[in-house]
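Commentary on secondary and tertiary structure
Residues per chain, in single letters:
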Amino acid sequence: MPNLKIEEPDIIKINNNGIIKLPEKIQEKLNIKENESLKVLVCNDNLLIKKVNCTFCGNNIYEELEMYKGEMVCKDCINETSELSISI
Ligand SMILES: [Zn+2]
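Below is a short write-up of the structure.

Observations regarding the overall build of the protein
Summing up its helical and strand segments, the protein has two helices and four strands in all. Helices and strands in the protein line up, N terminus first, as α-β-β-β-β-α. Whereas a compact globule of 88 residues would reach a radius of gyration of roughly 12 Å, the protein reaches 17 Å, over 25% beyond that. When the backbone C-alpha atoms are referred to their principal axes, the protein occupies close to 55 × 35 × 25 Å. For the protein, buried positions account for 6% of its 88 residues. Expressed as a percentage of contacts within the protein between residues at least 6 apart in sequence, the contacts between residues at least 24 apart total 12%.

Brief notes about the environment of valine 73
As for its placement among the helices and strands, valine 73 is situated in strand β4 (residues 71-74). Linking valine 73 and cysteine 57, residues 16 residues apart in sequence, is a C-alpha distance of 8.3 Å. Discounting chain neighbours no more than four positions away, the residues touching valine 73 are Cys54, Thr55, Phe56, Glu66, Tyr68 and Ile78.

Structural notes on unusual backbone geometry
Here asparagine 44, not a glycine, exhibits a phi torsion of approximately 55°, which is positive. With respect to the helices, strands and loops of the structure, asparagine 44 is situated in the loop between β1 (38-43) and β2 (46-51). The exposure class of asparagine 44 is exposed, given the 4 C-beta atoms found within 10 Å. One non-glycine residue with positive phi stands out, namely lysine 69, at about 50°. Residue placement: lysine 69 occurs in the loop between β3 (65-68) and β4. Lysine 69 sits in the exposed class, given 8 other C-beta atoms within 10 Å.

Observations regarding the pairing of β1
Of all six residues making up β1, only zero are buried, and the element is barely covered by its neighbours. Here β1 pairs with β2 via six bridges, running antiparallel. Looking at β2, one finds that lysine 39 is bridged to lysine 50. Linkage of β1 to β2, two consecutive antiparallel strands, is achieved through a turn of two residues, within which asparagine 44 is found at a positive phi near 55°.

Describing the environment of glutamate 34
Mapped onto the fold, glutamate 34 is located in the loop between α1 (24-29) and β1. When the 7 C-beta atoms within 10 Å are taken as the criterion, glutamate 34 is described as exposed. When the C-alpha atoms of glutamate 34 and tyrosine 62 are compared, they prove to be 9.3 Å apart, with 28 residues separating the residues in sequence.

The rules behind the values
- Residues numbered from 1 in each chain as written.
- Predicted model: local features only at pLDDT ≥ 70, side-chain atom pairs only at ≥ 80, totals over all residues.
- Helix = DSSP H or I, 4+ residues; strand = E, 2+ residues; numbered from the N terminus.
- Rg over C-alpha atoms; globule rule 2.2 N^0.38 Å.
- Buried ≥ 20, exposed ≤ 12 C-beta atoms within 10 Å, placed from the backbone.
- Contact = placed C-beta atoms within 7 Å.
- Pairing = 2+ DSSP bridges.

Given below as structure tokens:
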């Protein structure tokens, strides 16, 4: 069983569009910045939010990431991969 460290909870509000705001202290602690990507998962009755990055280069800008063959990959890395396959 993993050793989970659960800190004092913050209570946040969900607005009528389903938008939530992460508390600033959590953004600072986890180094979450504007336009970065977060993955939302449901685990039993729990909601998990995780940072997500390009599998190859670590890019985590939301507009640049796509799911590609089951992995999160940025557009630059997808382009690089397709250029490689063309040149073979
Ligand atoms: Zn990448």
